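Letter by letter, the chains look like this.
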Amino acid sequence: VIAIDAINESEKKKLWAKQLLAFAQKFKKFNRVKLVVICRSEYSSMVLPKELKNKRNSKWAFCTHMGFGDELTNAVSVYFDEYKIAPKSFPILIAEFRNPLFLKFFCEAHENRAVSFDSLSLLKVMEARISRCMDELYDQIDCPREDTRRGLQRVAKMVAANGGNPVLSELARKELTEIFPSHK
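So, a few notes on the structure that sits alongside this text.

### Re the overall build of the chain
Step number 1: When helices and strands are counted, the chain shows eight helices and four strands.
Step number 2: Starting at the N terminus, the α and β elements of the chain follow one another as β-α-β-α-α-α-β-α-β-α-α-α.
Step number 3: A compact globule built from 184 residues should have a C-alpha radius of gyration of about 16 Å, whereas the chain, at 21 Å, is more than 25% larger.
Step number 4: For the chain, the residues scored as buried account for 27% of the 184 residues in total.
Step number 5: Partitioning the intrachain contacts of the chain with sequence separation of at least 6 by distance along the chain shows that 55% fall at a separation of at least 24.
Step number 6: A total of about 13200 Å² of accessible surface is found on the chain, and carbon and sulfur atoms cover 54% of it.
Step number 7: One way to put it: in the chain the 31 positive side-chain charges average out to a point 11 Å from where the 23 negative ones average out.

Written out as structure tokens, the structure is:
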């Protein structure tokens, strides 16, 4: 089995849409070799070829992963233990935690903290995660929080303008010299 995970995180998403079928064809001559391609469903229309977008190709098998499913309690426990998160209330079976990426972001944002789950939302989790990121940057480069926030927002806008794809470090550095002129 040859597995390619997270093709939606590729820098060249459209390349998969154009070349995946031809790439997969190269494996046809090997009867015991199978290709597995993994993609978040919300990006499938962007990275999968037209023939596969609607799951109507009989030569391909499709599977939808439902997150942690019945293992939610165990998964939350493992993540909270690893990130040293102390919940202030129980139960902690929040539907959003079924999404592994959401749980990971939550834990990164609240590592080594006691947390409550009042009005939990992706926006609040991401704001807490950005705040944690700014704290870490401040500790590493001694940069004022507001400058760090402006820098992160500037880079986030660049990534958004680039269709969610990473931007070249040279371009980001050039953009950030306006905020940090002494760090060329």
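Moving on from the model shown.
### Focus: the environment of Lys53
Step number 1: Here Lys53 lies in helix H3 (residues 50-53).
Step number 2: The class of Lys53 is partly exposed, set by a relative accessible area of 33%.
Step number 3: Setting aside anything within four residues of it in sequence, one finds Lys53 in contact with Ser44, Ser45 and Leu48.

### A look at the pattern of salt bridges
Step number 1: Scanning all chains against the criterion turns up four salt bridges.
Step number 2: Its salt-bridge partner being Arg154, residue Glu175 comes within 3.4 Å of it at the nearest N-O pair. Linking Glu175 in helix H8 (residues 169-176) with Arg154 in helix H7 (residues 145-161), this pair joins segments that are 21 residues apart in sequence.
Step number 3: Classification of Glu175 by relative accessible area gives partly exposed; the value is 26%.
Step number 4: Each of Lys104, Glu108 and Arg129 takes part in salt bridges that share partners, so that together they form one network.

### Remarks on the side chain of Asn8
Step number 1: Mapping Asn8 onto the fold places it in the loop between strand S1 (2-4) and helix H1 (13-25).
Step number 2: At a separation of 3.0 Å, a polar atom in the side chain of Asn8 contacts the main-chain amide nitrogen of Arg40.
Step number 3: Apart from residues no more than four positions distant in its own chain, Asn8 is found in contact with Lys13, Ile38, Cys39, Arg40, Tyr43 and Val47.

### Focus: the nonpolar core
Step number 1: Formed by 16 residues in total, the largest nonpolar core has its most connected members in Phe80, Phe97, Phe106, Cys107, Phe117 and Leu120.
Step number 2: Sorting the residues of this core by element identifies helix H4 (72-83) and helix H5 (100-109) as the ones contributing at least two each.
Step number 3: Counting ten residues, the second-largest nonpolar core is a separate cluster that includes Trp16, Phe27, Val47 and Leu52.

### Observations concerning the packing of H4 against H5
Step number 1: Remark: H4 packs on H5, axes separated minimally by 10 Å, with the N-to-C direction vectors making an angle of 25°. The angle between H4 and H5 falls in the class roughly parallel. When the axes of H4 and H5 are compared, the crossing they make is right-handed. Touching Ala75, Val76, Tyr79, Phe80 and Tyr83 of H4 are Pro100, Leu103, Lys104, Phe106, Cys107 and Glu108, all from H5.
Step number 2: Classifying every residue of the contact of H4 with H5 gives nine nonpolar, no polar and two charged.

### Digging into the packing of aromatic side chains
Step number 1: Summed over the entire model, instances satisfying the criterion amount to eight aromatic pairs.
Step number 2: Seen from their ring centres, Phe68 and Tyr79 are 6.0 Å apart, and the 70° between their planes marks the pair as edge-to-face. With a gap of eleven residues between them, Phe68 in the loop between H3 and H4 and Tyr79 in helix H4 connect regions that are remote in the sequence.
Step number 3: Pairing Phe97 with Phe106 gives two aromatic rings, centres 5.0 Å apart and planes at 65°, and the pair type is edge-to-face. Take Phe97 and Phe106: they sit in the same class, and that class is buried.
Step number 4: Taken together, the ring pairs connect Phe80, Phe97, Phe102 and Phe106 into an aromatic cluster.

### Regarding H4
Step number 1: End to end, H4 covers 16 Å across twelve residues, agreeing with the expected 16 Å (1.5 Å per residue, within 8%).
Step number 2: Buried within H4 we find Leu72, Ala75, Val76, Phe80 and Tyr83. Burial along H4 is one-sided: seen end-on, the buried residues are contained in an arc of 125°. The exposed residues of H4 that point more than 90 degrees off its buried face are Thr73, Asp81 and Glu82.

Quick notes on the rules
Residues numbered from 1 in each chain as written. Predicted model: local features only at pLDDT ≥ 70, side-chain atom pairs only at ≥ 80, totals over all residues. Heavy atoms only, no water. Helix = DSSP H or I, 4+ residues; strand = E, 2+ residues; numbered from the N terminus. Rg over C-alpha atoms; globule rule 2.2 N^0.38 Å. Buried < 20%, exposed > 50% of the residue type's maximum accessible area, 1.4 Å probe, protein only. Contact = heavy atoms within 4.5 Å. Areas by Shrake-Rupley, 256 points an atom, 1.4 Å probe, with all protein chains shown as cover. Lys, Arg positive; Asp, Glu negative; His and termini not counted. Charge placed at Lys NZ, Arg CZ, Asp CG, Glu CD. Salt bridge = Lys/Arg side-chain N within 4 Å of Asp/Glu carboxyl O. Polar contact = N/O pair within 3.5 Å; in protein donor to acceptor, adjacent residues only side chain to side chain. Core = buried A, V, L, I, M, F, W, Y, C linked by side-chain atoms within 4.5 Å. Axes fitted to C-alpha atoms, helices over the stretch in contact; angles between N-to-C directions. Parallel < 35°, antiparallel > 145°, perpendicular 65-115°, else oblique. Left-handed = near helix turned anticlockwise from the far one by under 90°. Nonpolar A, V, L, I, M, F, W, Y, C, P; charged D, E, K, R; others polar. Phe/Tyr/Trp six-rings, centres within 6.5 Å; stacked < 30°, edge-to-face > 60°. Expected span 1.5 Å × (residues − 1). Arc of directions from axis to C-beta.

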